[in-house]
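The chain contents come next:
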Amino acid sequence: MLVVGAGQGLLVEALVAAGRGPVEAVDASPEMIEAARARRGVQVRLADAAALPYDRDAFGAVVVATGVLSGDPSETPILAELRRVLRRGGRGLIALYHPTPWQRRTLGRVGVLADGALRRDRMVALWAQPDAWPVLVARWTGRRKLSGADRRLLEALSQEMGPLAAALRARGQDPVDTLTRAFAAPVPACDPDTLGAWVAAAGLRLVDQQAEDEVHLAIVEPA
Ligand SMILES: C[S@@+](CC[C@H](N)C(=O)[O-])C[C@H]1O[C@@H](n2cnc3c(N)ncnc32)[C@H](O)[C@@H]1O
């Protein structure tokens, strides 16, 4: 089987421990590949998901990890590569980040989720300007006053961003710029029709789909 976006190798390690080996793995980031090798002894090949270094029909199972696909139509080349390396009768599992209903409600209250889309640029703006929280939330939602629950949510967002920002600064990157760019992807609509049409554009058929905590899973096969 193949793991695309194997990152620091957690999933590969778990699959091998569960007796699912041998597991091929690729990732586009040299830093993540080095982390997988140093921390877990897991070998990951450097490759982009849109140009996999494998033959047609090479695998019976392919996992596309979270962080590779976001459900956008522009990602058809990556889905087409998944289709190419997946043999007939094989299965692909695609993991998409997706907020839970509770996250949708709370993020909606402060305007980070608006018109069904997660506005990560707003998340970054809130994190970067804690003094401006009431002004920003009022601008986005029209709500003039923040409740205690709103403030706790915003504080939690800020704390989560802190270590990430420090790591980016240490690498000489501006955290606001980097995070705004990295978080630009929209949150996909994860209903069966939308996901079905998205994968069908690359010759795949949606077999099943399931919401997990913060992640939506789609199981596909060659159409
Ligand atoms: C959230 S991490 C996955 C973590 C991994 N499942 C694990 O078990 O450690 C997402 C990974 O996808 C990789 N990635 C994102 N886009 C990619 C692409 N187009 N091609 C290959 N890898 C990609 C990133 O470099 C990152 O390491």
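## Digging into the overall build of the protein chain
No. 1: A count of helical and extended segments in the protein chain gives nine helices and nine strands.
No. 2: Look at the contacts in the protein chain between residues 6 or more apart in sequence, and 60% of them connect residues 24 or more apart.

## Side note on unusual backbone geometry
No. 1: A cis amide bond links Gly21 to the next residue, Pro22, at an omega of -5 degrees.
No. 2: One can find Pro22 in the loop between helix H1 (10-17) and strand E2 (24-27).
No. 3: Positive phi values are uncommon outside glycine, yet Asp57 reaches one of about 60 degrees.
No. 4: Inspection of the secondary structure assignment puts Asp57 in the loop between strand E3 (45-46) and strand E4 (59-64).

## Looking at the site of the ligand
No. 1: With respect to spatial proximity, 18 residues lie near the ligand, and among them Gly5, Gly7, Leu10, Leu11 and Gly67 are the closest.
No. 2: Those elements that provide at least two residues to the shell around the ligand are H1 and E2.
No. 3: Considering only residue class, the shell around the ligand consists of nine nonpolar, seven polar and two charged.

## Things to note about the packing of helix H5 (residues 120-128) against helix H7 (residues 148-170)
No. 1: Between H5 and H7, whose axes approach to 9 Å, the crossing angle comes to 90 degrees. With respect to H7, the axis of H5 lies roughly perpendicular. Residue-level contacts link Met123, Leu126 and Trp127 of H5 to Leu154, Leu157, Ser158 and Met161 of H7.
No. 2: When its residues are assigned to classes, the contact of H5 with H7 shows six nonpolar, one polar and no charged.

## Some details on the domain arrangement of the protein chain
No. 1: As far as domains go, the protein chain holds domain 1 (2-99 + 188-222) and domain 2 (101-182).
No. 2: Its C-alpha centre places domain 1 at a distance of 29 Å from the equivalent point of domain 2.

## Brief notes about the sheet that holds strand E5 (residues 86-97)
Pairing between the strands of a sheet comes from backbone hydrogen bonds, and it takes one of two forms, parallel or antiparallel.
No. 1: Taken in spatial order, the seven strands make up an open sheet running E3-E2-E1-E4-E5-E9-E8, and their pairing is mixed. Only two strands of the sheet have a single partner each, and these edge strands are E3 and strand E8 (204-212).
No. 2: Across eight bridges, E8 lies against strand E9 (residues 215-222) in antiparallel orientation. The residue of E9 that forms the bridge with Glu212 is Val215.

## Here we look at the environment of Val63
No. 1: Topologically, Val63 is positioned in strand E4.
No. 2: For Val63, a count of 24 C-beta atoms within 10 Å translates into the label buried.
No. 3: Distance from Val63 to Leu164, taken between C-alpha atoms, is 26 Å for residues 101 residues apart in sequence.

## Thoughts on the pairing of E2
No. 1: Neither face of E2 is open: one carries Glu24 and Val26, the other Ala25 and Asp27, and all of them are buried.
No. 2: Sheet topology note: the strand E1 (residues 2-4)/E2 ladder contains three bridges and is parallel. Among the inter-strand pairings, Leu2 is bridged to a residue of E2, identified as Glu24.
No. 3: The sheet contact formed by E2 and E3 spans two bridges and is parallel. Each bridged residue has a counterpart across the sheet, and for Val26 the counterpart in E3 is Arg45.

## Overview of the nonpolar core
Within soluble globular proteins, side chains that are nonpolar tend to cluster in buried spots.
No. 1: Ranked by size, the top nonpolar core spans 34 residues in total, and within it Val3, Val4, Ala6, Ala25, Val62, Val64 and Val199 carry the most contacts.
No. 2: With four residues, helix H3 (residues 76-85) is the largest single contributor of residues to this core.
No. 3: Excluding residues that lie within four positions of it along the chain, Val199 makes contacts with Leu79, Leu204, Leu206, Ala218 and Val220.

## Observations regarding the environment of Leu10
No. 1: For Leu10, the location among the structural elements is in helix H1.
No. 2: In this structure Leu10 comes out as partly exposed when scored by C-beta crowding, with 15 C-beta atoms within 10 Å.

About the thresholds
Residues numbered from 1 in each chain as written. Predicted model: local features only at pLDDT ≥ 70, side-chain atom pairs only at ≥ 80, totals over all residues. Helix = DSSP H or I, 4+ residues; strand = E, 2+ residues; numbered from the N terminus. Contact = placed C-beta atoms within 7 Å. Near = placed C-beta within 6 Å. Nonpolar A, V, L, I, M, F, W, Y, C, P; charged D, E, K, R; others polar. Axes fitted to C-alpha atoms, helices over the stretch in contact; angles between N-to-C directions. Parallel < 35°, antiparallel > 145°, perpendicular 65-115°, else oblique. Domains from an automatic or database assignment. Pairing = 2+ DSSP bridges. Buried ≥ 20, exposed ≤ 12 C-beta atoms within 10 Å, placed from the backbone. Core = buried A, V, L, I, M, F, W, Y, C linked by C-beta atoms within 7 Å.

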